[in-house]
Amino acid sequence: MSNYMVNPDCSSGKVPDFKVATAPANGSVEIMRGSVSPSFGQGHALQKCNSRKVSAVGAVYTSKVGFIGNDKVVVSSKAPGSDVYSYVTVNIAVTK
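Residues numbered from 1 in each chain as written. Predicted model: local features only at pLDDT ≥ 70, side-chain atom pairs only at ≥ 80, totals over all residues. Heavy atoms only, no water.

Student: Quick question: what am I supposed to make of the state of the cysteines here?
Tutor: Any covalent bond linking the sulfur atoms of two cysteines counts as a disulfide. Under the definition given, this model contains one disulfide. Residue Cys10 pairs covalently with Cys49 via a disulfide, S to S 2.0 Å. Torsion about the S-S bond of the Cys10 and Cys49 cystine: about -75°, corresponding to left-handed handedness. One end of the pair, Cys10, is in the loop between β1 (2–4) and β2 (17–22); the other, Cys49, is in the loop between β3 (27–36) and β4 (54–63), and 39 residues separate them in sequence. Across the pair, Cys49 and Cys10 agree in class, each one buried. (Disulfide = S-S within 2.5 Å. Helix = DSSP H or I, 4+ residues; strand = E, 2+ residues; numbered from the N terminus. Buried < 20%, exposed > 50% of the residue type's maximum accessible area, 1.4 Å probe, protein only.)

The following block contains the structure:
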């Protein structure tokens with residue numbers, strides 16, 4: 001999962017603050033910064049930016065060795081300049 005912002009000129013917007021609010025019971029989550037290519041849909045005003053790289057922050061889940069089943073993590077994000085966090089629960093199905 002990743003989160004990014006794109007300016008109208010296709011440059012990177014300010015990257016949101018991203019953190020683990022509730023860790024998964026059967027694994028771990030690492031927050032990483034990097035770059036991604038946006039994936040705006042057909043007709044979106046920023047679709048022209050899909051071939052560019054922009055700064056992003058994301059989360060990578062790793063299960064405990066031997067764990068198979070369902071897990072979940074709660075992540076929070078805050079837009080630059082805001083004091084408000086939004087929370088998302090991500091359900092994870094580990095099959096191998």
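Having seen the model, we can carry on.
Student: Could you clarify how one ought to interpret the sheet that holds strand β5 (residues 69–78) in this entry?
Tutor: Hydrogen bonding along the main chain pairs the strands of a sheet, whether they run parallel or antiparallel. Pairing within the open sheet is antiparallel, and its three strands lie in the order β2-β5-β6. With one partner strand each, in any of the chains shown, β2 and β6 (85–94) form the two edges of the open sheet. Strand-to-strand, the axes of this sheet are offset by a mean angle of 30°, without reference to chain direction. Summarising the sheet, β2 and β5 pair through five bridges and their orientation is antiparallel. Pairing of Phe18 across the sheet is with Ser77, part of β5. (Pairing = 2+ DSSP bridges. Axes fitted to C-alpha atoms, helices over the stretch in contact; angles between N-to-C directions.)

Student: Help me understand the packing of aromatic side chains in this model?
Tutor: In this description, an aromatic ring pair is defined by two values, namely the gap between the centres and the angle between the planes. Under the criterion given, the structure shown has one aromatic pair. Judged by centre distance (6.4 Å) and plane angle (85°), the rings of Tyr4 and Phe40 are edge-to-face. A residue pair is termed long-range when its members are at least 10 positions apart, and Tyr4 in strand β1 and Phe40 in the loop between β3 and β4 qualify at 36 residues. Lying across the ring of Tyr85, Lys19 places its NZ or CZ 4.6 Å from the centre. (Phe/Tyr/Trp six-rings, centres within 6.5 Å; stacked < 30°, edge-to-face > 60°. Lys NZ or Arg CZ within 6 Å of the ring centre and 35° of its normal.)

Student: Help me out: how do you make sense of the environment of Asn26 in this one?
Tutor: Residue position: Asn26 is located in the loop between β2 and β3. Residue Asn26 is classed as partly exposed on the basis of its relative accessible area of 22%. In contact with Asn26, not counting residues within four places along its chain, are Tyr61, Ser63, Lys64, Phe67, Asn70 and Asp71. (Contact = heavy atoms within 4.5 Å.)

Student: It is not clear to me how the environment of Gly81 should be interpreted in this structure. Could you clarify?
Tutor: Residue position: Gly81 is located in the loop between β5 and β6. On a C-alpha basis, the gap between Gly81 and Pro16 in space is 9.3 Å, while along the polypeptide they are 65 residues apart.

Student: Hey, could you run me through the side chain of Lys78 in this one?
Tutor: Assignment of secondary structure puts Lys78 in strand β5. Put simply, Lys78 is tucked away with no salt bridge, and the nearest opposite charge, on Asp83, sits 4.9 Å away. With near-sequence residues (within four places) excluded, Lys78 lies in contact with Pro16, Asp17, Asp83, Val84 and Tyr85. (Lys, Arg positive; Asp, Glu negative; His and termini not counted. Salt bridge = Lys/Arg side-chain N within 4 Å of Asp/Glu carboxyl O.)

Keep in mind these values describe shape, not function.
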